[in-house]
Amino acid sequence: MSLMPTTGHDPAGFDAAADFDTATVCPTTAVAGARDTARTFLEGLRQPAVDPDTADTVVLVVSELVTNALRHGGGTCTLRLTAHPRAIEVAVHDASSRPPRMRTPDLTGGTGGFGWQMVNQLARATVVTRRPAGGKTVRALLAR
């Protein structure tokens, strides 16, 4: 559960593309649509099915990553969901090359600071990869 900028192979296990059983990619400009996409994706998974608590966690992480991408990454992003045998991978691409950062949560002014810390606490691992064509992809690996 850490922020690890990478440019090639990443040790968190995200490179194991051969072990996924399904994936979906969705360009989005709305957080609600991303949450709906995640719920539909999770409901469609075969064995092993995702329990309701895990599904809620995945949807929360999708919501946080898409919100941050839309707010700080130019107003559009692409969501990719991948189901591995023992994990769900959430990947969000946006146009900003600036990585997420931990902030002190604002308890009174409503300016946030909770999301990235929460994503890192919920995920087994997080990885930020700068894309050669510009922008970045933020990925979170969650227990299935």
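Above this text you will find the structure in question.
Bear in mind that the values here come from a model prediction, so they are computed numbers and not experimental data.

Cut-offs applied
Residues numbered from 1 in each chain as written. Predicted model: local features only at pLDDT ≥ 70, side-chain atom pairs only at ≥ 80, totals over all residues. Heavy atoms only, no water. Buried < 20%, exposed > 50% of the residue type's maximum accessible area, 1.4 Å probe, protein only. Helix = DSSP H or I, 4+ residues; strand = E, 2+ residues; numbered from the N terminus. Pairing = 2+ DSSP bridges. Expected span 1.5 Å × (residues − 1). Arc of directions from axis to C-beta.

Asks: Just checking my understanding: could you explain the pairing of strand β6 (residues 136-143) for this structure?
Replies: Note on strand geometry: in a regular strand, side chains alternate between the two faces of the sheet. The buried fraction of β6 is high, at 7 of 8 residues. Pairing of strand β4 (residues 87-94) with β6, which is carried by 8 bridges, proceeds in the antiparallel orientation. From the neighbouring strand, H93 faces β6, where its bridge partner is T137. The sheet contact formed by strand β5 (residues 125-130) and β6 spans 6 bridges and is antiparallel. When the sheet's bridge partners are listed, A125 is paired in β6 with L141. Counting the residues between successive antiparallel strands, the hairpin from β5 to β6 contains 5 residues, one of them, G134, with a positive phi of roughly 115 degrees.

Asks: Could you clarify how one ought to interpret helix α1 (residues 31-43) in this entry?
Replies: An α-helical turn contains 3.6 residues, so any two residues separated by three or four positions project in the same direction. In this model α1 runs 18 Å from its N-terminal to its C-terminal C-alpha over 13 residues, within 8% of the 18 Å that 1.5 Å per residue would give. Taken as a whole, α1 has its buried residues at V31, A34, T37, A38, F41 and L42. Buried residues in α1, looked at end-on, bunch into an arc of 125 degrees, giving them a common side. Of the exposed residues in α1, the ones pointing more than 90 degrees away from its buried face are T40 and E43.

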